[in-house]
Structure formats: C-alpha cells, structure tokens
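# A structural walkthrough
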There are 2 protein chains.
Amino acid sequence: MDFAAEMSRHAARVEAGIERLLPSGETRPARLHAAMRYAMQAGGKRLRPVLVLAAAELFPSAAEERADPLAAAVAIECLHTYSLIHDDLPCMDNDDLRRGRPTAHRAFDEATALLAGDALLTHAFALLATGYAAQPALSQALVAVLADAAGSRRLIGGQMEDLLAEKKTDATREELEFIHLNKTAAMIEAALVLGAHCGDATKHEIDLLTQAGRNLGLAFQITDDVLDATADSATLGKTAGKDAKAGKTTFVRLHGLEDSRRLAIEHTDAAIADLRKLPGEAPFLVALAENMGRRSK
Amino acid sequence: MDFAAEMSRHAARVEAGIERLLPSGETRPARLHAAMRYAMQAGGKRLRPVLVLAAAELFPSAAEERADPLAAAVAIECLHTYSLIHDDLPCMDNDDLRRGRPTAHRAFDEATALLAGDALLTHAFALLATGYAAQPALSQALVAVLADAAGSRRLIGGQMEDLLAEKKTDATREELEFIHLNKTAAMIEAALVLGAHCGDATKHEIDLLTQAGRNLGLAFQITDDVLDATADSATLGKTAGKDAKAGKTTFVRLHGLEDSRRLAIEHTDAAIADLRKLPGEAPFLVALAENMGRRSK
C-alpha cells in the first residue's frame, strides 16, 4: 500500500465532494456562502473526512447496496470547520491565523463568521438527511452519531471545559483528559464510525473503531501540545507557543515534554493494535496512525 | 373550542417535554448545561413547538403507528432558542434583555452563550434522530425539513441579510421581504410541516401548511415591527424602539404604520383561508392566527 497515493486519492475525493456538496459562493446571501467556502477551503489535512472514506472501504458490500460515504465525509468536515470558526472568535481563543491564513472573522467580520459557523453546523445535518435519501435507517444512524459526538456532552462540552481550564492555574490531569477526549477524540471516533456505518460493519467492528478513534484522538491532541511547545509558527501555519503564553494547561505542562511524547506513542500503538483486528488489517489507517504520531505540524 | 385552554394544554406538554428532553443542568460541564436550560426556560409564547403539536393533531392516525410530535416540538424550540442566543450576542444585535431577563451572554458570558447556542442547535438534530428511533423514514424527513429551514439559504441567510441591511439606509422592500421570509417565516412553516409529518398528512396538506406558515410568519414579523414602533419596553419584555434607534429598515419604515397594519391583516387572512381547508378546518390554528394578528406584545 502506497500511503501517500492512498491519502491523495481520499483527499481528492473530499475536495471534490466539498466543491459539489456546499452551496455555491454566489448563493444568496453571497457574503455568507463566500465565508462558508472560505473557511472550508482553508486546506488542512482533511483528516476527519479521509477517516470516513478509509473506514468505509474496510467494509465492502454488494455494490448496489453500498452507501457512498462522501456526503458523511463532507458533513464531518463542515462540522469540524464550524468548530474551528467559532473557536477562533474573539470571545473564545481570539486567533488571527488558521492554517497560515486570516481566520474567518478576520477575513470577513465577527457576525459573518458566527453565522458561517452556524450554517456549516446545520449543513452537516442537511447532508446526512439528503445524501442518504434512499437509506433512511442509515441516515438516522449517521445523524445520531454526529449529533452525539458534536453535542454538549462531547465536542462542545470539551470546548467549554477547555475555556474554564484556561481561567484557572490548577486544572487536573483528569480535567485535561476530559477536554481532549471530547474536544478532539470525539470527532475522530465519529469519523471512523460514520464510515463504518456506510459499510456493513458489525457492532464489534464499530466498537474497535470507536476505541481506536479515542486513542488516535488523544495521540493527536498530545502531539499538538508537544508541537505548540516545540515548533515555530511558520512550520505550524498557526501561532506557536500560544498555549504557554496564555498559561494554558496542556499535556506538556502537566506531564512534561518527555512523558507527553511517550503518552502520544502509547496511544498511537493502542490505536494500531485495534485497527489491525479489522478486515484486511486496515493498512491505510495503520499507516495514517503511525504518520500522525510522528508528524511535525 | 376553548382557545386559551387548548393553548395551555399544548404549552404544558411543551414545558414538560423541554424539562425531560434536555440534559439536566448538572450534566458535565454544568455551566454549559445550565446556560442551555437558562435560555430554554425563558418562557415566551412557545409558538413554534405549539404549532408542531397542533399541526400533528390535525392528522390523527392509528394510535400504534402515530409518532409522538413532542421530540420534534422540543427540537424546534431548541433551534429557535439557539438563534435568539446568537442573535443577541455583542457582534450581532448586542441585546441585554430577552423576554424581560438578561440575555444568555449577560447572565453567563459571551463564550458560554456562543457554546450554549451551538449545543442547542446540535441537540435539535439529536432529538430528531433519537426521538424517532423506530421510524427512520420520519426521522430523516424531519431532519431534512429542519436543516433546510434553519440553513444558510433560509434562517441564517435571513439573519445575514438583516445584518447587511442594518448597515445601509436604502434597503428595498424586496430585501426586507427576503429577510422576513427567511428569518421568521421559515421556522413557522417548518413547525407546521414537522407536525404534519408526525401525522399522516398528504403532500397537498403539507403544501397548504407551508403556505399558511409563510403568511403567518410574515404577519408575525410585521406585527413585531409595528409593536417595536408603538409599544413600550415593559409591555414587550424587551427593549422597545430599538429598530428606529438603530436606523433599522422595518416594514413600518418602508410601508408606514397604516399600511403595515393592513399588510399584517392581509397575511393573517390568507393564512386562515388555507388553514380552513385542512381536516376539521383547524379551529385551534385559525384562532391562533387571529390571536397573533391582534397581539399587543
């Protein structure tokens, strides 16, 4: 398996899907739709939608029954992008740069960014309803998975606790794990599970993917913290050293740099062990997990 | 039909549904869930969820097949409340009062209000997936209706054009109608259609309800503009005269007070004419439309 080629193949499908499944930038009101597309076209790794497509390919079924996972892939990227737009707002992280470009509220204005985020969140669910019109049970399962992962107990709950943790200097390891499990891992888990639902995965396989997603998410977030503490802004494409400057509680601050690196490797290994139990031993997902564990940006 | 008694019956179901179908205020993170409940418990007319329940009752079907419209009713109130929370934020209307109480960002803080709005929007879709677990085709239809009405072309599009119109002094009648059709009428239409889907309404009946919702929504918004120009803050439970002060384009400004009142009556009458074509002539909905047309707050 050529990892880079597989990654490009999935990413190209995602880019084409985004282009096709978002309203055009000329749709009225044009400013809103331009802002939605601006935020979605910021590039980035497309990690979550690629996970949807790759997970779906693990479970081939009869061609005529098989659901196209692309709408679900674009939906999770809409969801992720909304969370970034709102997270960057002045009342949240107040970030000016995202993937090397002005954040949505800097490129447009705060109100437009707020509404573009709301619109992408709503569009994610529209895609899960209209993209699986012929498979209502699948559509319902996808909505349930995404709404749970993105909801007040998980993604948004993690963001809320992250904000609360910033305001105190004594956040605990348990609080930090809650934040990462929900702010980051929930959507990685959801991506793999959405893909699996589009295939004919069993309950056991979905449990394995959930567990792998949890570990991948934690490894990803710990690596983020390590990079924020060690890399520079140009490499990252976003403001580096921001966590320490903001006095933010991170894995690096609570566990130290060495232990953080070790923890990232442990979670990566645990994810890989579960992925190898899946049909065909999931070589692309295993390679992706290894790649994420040693990334430098 | 005793209108007040029917209204109380529906509203009591809605209040009980909100209590039961929202996560408790102690759910972690408690601050987020407390803010969600604070915003949802602001009282108000519960117009949209009452419309869901009343529309569903027009189409009785065999008791064992009939879907309970309550989850859809609570979902649309979550959706409406999210839109109010975000609309009140400093970067939008910057409002301190809502239904006589501090707005969410005044009672909590801006970030918490932003996230509570995001969470209520997401919870609306969670309710449509989990509340109709045994009826996947219905669940899918409800998600499609709500996501469309709340999306970038309708509710959010209307809010965007409303913001843009505030920044110029020459908004046209056509622009104002776009705003009201989408910012207000879309969710009134959706409420009636969600209810109809929970019953066994025909396509023609859904079309009648859509058209009635459109006219009701316009009548409602025009009446809002008239009241803002003529009533006082204590009666309204929110800051009165705000539109004129902000130089906002309203029906009253473009059409004058007398023509605005006439237009509100025309749209109300048109809605009533369509409602009377529904099974049993929809006496409660007709009375509600009449009531909305002559409300004083």
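Residues numbered from 1 in each chain as written. Chains lettered and ligands numbered in written order. Predicted model: local features only at pLDDT ≥ 70, side-chain atom pairs only at ≥ 80, totals over all residues.

The number of helices and strands found in chain A is 15 helices and 2 strands. Scaling as 2.2 N^0.38, a compact globule of 297 residues should have a C-alpha radius of gyration of about 19 Å, and chain A matches this with 18 Å. Projected onto its principal axes, the C-alpha positions of chain A cover 55 × 50 × 35 Å. In chain A, which comprises 297 residues, the proportion classed as buried is 53%. Taking all contacts inside chain A whose residues are at least 6 apart in sequence as the whole, residues at least 24 apart take part in 72%. (Helix = DSSP H or I, 4+ residues; strand = E, 2+ residues; numbered from the N terminus. Rg over C-alpha atoms; globule rule 2.2 N^0.38 Å. Buried ≥ 20, exposed ≤ 12 C-beta atoms within 10 Å, placed from the backbone. Contact = placed C-beta atoms within 7 Å.)

Looking now at the interface of chain A and chain B. Between chain A and chain B, the residue contacts involve 44 residues of the former and 44 residues of the latter. Of all the elements in the fold, those that place two or more residues in the side of chain A that touches chain B are α2 (30-40), α6 (110-130), α7 (136-149) and α8 (155-166) of chain A. In terms of residue count, the dominant contributor to the side of chain A that touches chain B is α6 of chain A (13 residues). Split into classes, the residues belonging to the side of chain A that touches chain B amount to 25 nonpolar, 12 polar and 7 charged. (Nonpolar A, V, L, I, M, F, W, Y, C, P; charged D, E, K, R; others polar.)

Right, let's get into unusual backbone geometry. P29 of chain A follows R28 of chain A through a cis peptide bond whose omega is -5 degrees. For P29 of chain A, the location among the structural elements is in the loop between α1 (3-21) and α2. A positive phi angle is found at R46 of chain A, which is not glycine, with a value near 55 degrees. By the C-beta count within 10 Å, which is 23 here, R46 of chain A ends up buried. The phi dihedral of N94 of chain B falls on the positive side, at around 50 degrees, and the residue is not glycine.

Turning our attention to the environment of G213 of chain A. Residue and element names in this part refer to chain A. With respect to the helices, strands and loops of the structure, G213 is situated in helix α10 (residues 203-230). Taking C-alpha positions, G213 is 9.8 Å from T184, a pair spaced 29 residues apart along the chain. In this structure, G213 is in contact with A185, I188, E189 and L192, ignoring residues within four places of it in sequence.

On to the relation of the copies chain A and chain B. For the pair chain A and chain B, the superposition axis carries a translation of 0.0 Å, the fit reaches an RMSD of 0.0 Å, and the rotation angle comes to 180 degrees. Both chain copies can therefore be described as sitting about a two-fold axis. If distances are taken from each C-alpha of chain A to the rotation axis, the shortest is found for P136 of chain A, at 2.7 Å. Both copies present the same face, since 100% of the interface residues in chain A are matched by interface residues at the equivalent positions in chain B. (Least-squares fit on C-alpha atoms with pLDDT ≥ 70 in both.)

This part is about the environment of F59 of chain A. Residue and element names in this part refer to chain A. Mapped onto the elements, F59 comes out in the loop between α3 (47-57) and α4 (70-88). Placed 220 residues apart in sequence, F59 and P279 show a C-alpha to C-alpha distance of 7.3 Å. In this structure F59 touches A196, G199, D200, A201 and P279, once residues within four positions along its chain are discounted.

Looking now at the packing of α6 of chain A against helix α7 (residues 136-149) of chain B. Packing of α6 of chain A against α7 of chain B brings their axes to within 8 Å, and their N-to-C directions diverge by 145 degrees. Helix-helix and strand crossings are classified by hand; for α6 of chain A and α7 of chain B the assignment is left-handed. Of α7 of chain B, the residues touching α6 of chain A (which contributes T122, F125, A126, A129 and T130 of chain A) are Q140, V143, A144, A147 and D148 of chain B. Among the residues making up the contact of α6 of chain A with α7 of chain B, the classes are represented as 6 nonpolar, 3 polar and 1 charged. (Axes fitted to C-alpha atoms, helices over the stretch in contact; angles between N-to-C directions. Left-handed = near helix turned anticlockwise from the far one by under 90°.)

This part takes up the confidence of the model for chain A. Any region with low pLDDT has predicted coordinates that should not be read closely. When pLDDT is averaged across chain A, the result is 92; 94% of the residues are at 70 or more. Interface confidence in the predicted complex, given as ipTM, is 0.95; pTM for the same model is 0.95. (pLDDT = per-residue confidence, 0-100.)

Take helix α14 (residues 257-275) of chain A next. Three or four residues apart is the spacing at which side chains of an α-helix point the same way, because the helix has 3.6 residues per turn. With 19 residues, α14 of chain A should cover 27 Å at 1.5 Å per step; its first-to-last C-alpha distance of 27 Å lies within 8% of that length. Where the residues of α14 of chain A are buried, they touch α10, α13 (251-255) and α15 (283-293) of chain A. (Expected span 1.5 Å × (residues − 1).)

This part is about the environment of D170 of chain B. All names here are of chain B. Along the polypeptide, D170 turns up in the loop between α8 (155-166) and α9 (173-198). Exposure remark for D170: the 7 C-beta atoms within 10 Å place this residue in the exposed category. The spacing of D170 and D274 is 104 residues in sequence and 34 Å in space, taken between C-alpha atoms.

Residues and elements named next belong to chain B. Across the interface, helix α3 (residues 47-57) lies against helix α4 (residues 70-88) with an axial gap of 8 Å and an inter-helix angle of 160 degrees. Viewed along their axes, α3 and α4 adopt a mutual orientation that is roughly antiparallel. Seen along the crossing, α3 lies across α4 with a hand that is right-handed. Between α3, through R48, P49, V52 and L53, and α4, the contact on the second element is made entirely by A72, A73, V74, I76, E77 and H80. Residue classes in the contact of α3 with α4 are distributed as 7 nonpolar, 1 polar and 2 charged. (Parallel < 35°, antiparallel > 145°, perpendicular 65-115°, else oblique.)

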